Amino acid sequence: MKKYRHAWVLLYGFIYMPWFIWLEKHVRQGYYLIHSPLDDYIPFVEYFIVPYFLWFVFIAATGLYFFFTDRRGFYRLCTFMFSGMTIFLIICTIFPNGLALRPEVFPRDNIFTDAVRWLYQTDTPTNVLPSIHVFNSLGAAFAIGHSHALRKKRWVQPAAFVLAGLIILSTVFLKQHSVTDVFAAMVMAGVIYPFVYVPAGKKAPSLSHQPT
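Residues numbered from 1 in each chain as written. Predicted model: local features only at pLDDT ≥ 70, side-chain atom pairs only at ≥ 80, totals over all residues. Heavy atoms only, no water.

Caption draft 1: Local environment of the overall build of the protein. Across its full length, the protein carries 8 helices and 2 strands. Starting at the N terminus and ending at the C terminus, the protein contains elements arranged as α-β-α-α-β-α-α-α-α-α. Computed over C-alpha atoms, the radius of gyration of the protein comes to 19 Å, within 12% of the 17 Å expected from 2.2 N^0.38 for 212 residues, which places it in the range of a compact globule. Expressed as a percentage of its 212 residues, the buried residues of the protein come to 44%. The contacts of the protein with a sequence gap of at least 6 include a subset with a gap of at least 24, amounting to 86%. For the protein, the distance from the average position of its 18 positive side-chain charges to the average position of its 10 negative side-chain charges is 23 Å. (Helix = DSSP H or I, 4+ residues; strand = E, 2+ residues; numbered from the N terminus. Rg over C-alpha atoms; globule rule 2.2 N^0.38 Å. Buried < 20%, exposed > 50% of the residue type's maximum accessible area, 1.4 Å probe, protein only. Contact = heavy atoms within 4.5 Å. Lys, Arg positive; Asp, Glu negative; His and termini not counted. Charge placed at Lys NZ, Arg CZ, Asp CG, Glu CD.)

Caption draft 2: Examining helix 6 (residues 156-173) more closely. Helix length check: helix 6, at 18 residues, gives a terminal C-alpha distance of 25 Å against a target of 26 Å (1.5 Å per residue), a fit within 8%. Taken residue by residue, helix 6 has Val156, Gln157, Ala160, Ala164, Ile167, Ile168, Ser170, Thr171, Val172 and Phe173 as its buried positions. Looking at the buried positions of helix 6, the neighbouring elements they touch are helix 2 (49-69), helix 5 (132-145) and helix 7 (179-196). Count one or two residues on from helix 6 and you reach Lys175, which has phi positive near 60°. (Expected span 1.5 Å × (residues − 1).)

Caption draft 3: Inspection of the side chain of Glu24 at higher detail. Relative to the helices and strands, Glu24 is located in helix 1 (residues 13-26). Within the buried core, Glu24 has no salt-bridge partner, and the shortest N-O distance to an opposite charge, that of Arg28, equals 6.7 Å. When near neighbours in sequence (up to four residues on either side) are disregarded, Glu24 contacts Asp123, Thr124, Thr126 and Asn127. (Salt bridge = Lys/Arg side-chain N within 4 Å of Asp/Glu carboxyl O.)

Caption draft 4: Seen up close, the pattern of salt bridges. Tallied over the entire structure, the rule returns 2 salt bridges. Across the pair Glu46 and Arg108 runs a salt bridge, and its minimum N-O distance is 2.7 Å. Of this pair, Glu46 sits in the loop between strand 1 (32-33) and helix 2 while Arg108 is found in the loop between strand 2 (97-98) and helix 4 (111-122), placing the two residues 62 residues apart along the sequence. Relative accessible area serves as the criterion here: at 36%, Arg108 is assigned to the partly exposed category. Ionic pairing is found between Arg117 and Asp114, a salt bridge with its closest N-O pair at 2.8 Å. With Arg117 and Asp114 both in helix 4 and 3 residues apart, the pair spans about one turn of that helix. Arg117 sits in the partly exposed class, given a relative accessible area of 32%. Of the residues examined, Asp114 reaches a relative accessible area of 38% and is grouped as partly exposed.

Here it is as structure tokens:
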């Protein structure tokens, strides 16, 4: 328990999940519809369900890696993600929002559209601004990008950013999010990023010159 005492930060789940579930149950009507003119030019592409579902693996794998190998990196990752997730909850509470972008009829019938159909049935088109799928994908990619250990494996960091990019694209091609949601998540990530990672980056050179 001493070795993994940093697990205490995961208690945040007892704040986030009840709040999010409450929003999902209560934001059913009278919410503000999020829409961007660019949404009308983006086609529905069911194949993006693959990177969309890979988000869960990406976030879990990143969190577990830092939890077991890099306590400081784990704290930074959690600080970044939990800050944005809290802002997301506050926004959706005071500004209920949702989408009306999902297709009524799928253009094709295949295993991928079946998966999208299941997603639509289990996930409401509400509480979408800013996109947590986008924000946490960026958070995981940033954490991996700042890992000195993972820099030794040249393929890991580029792969993380490619996967994050595909996940971000999946949110709009599956009509799970508006371009507005994506942009809002990127802005939020850009605001939080300097507070979590830039101070650590500035200290790194000075530490490397200290006598051993």
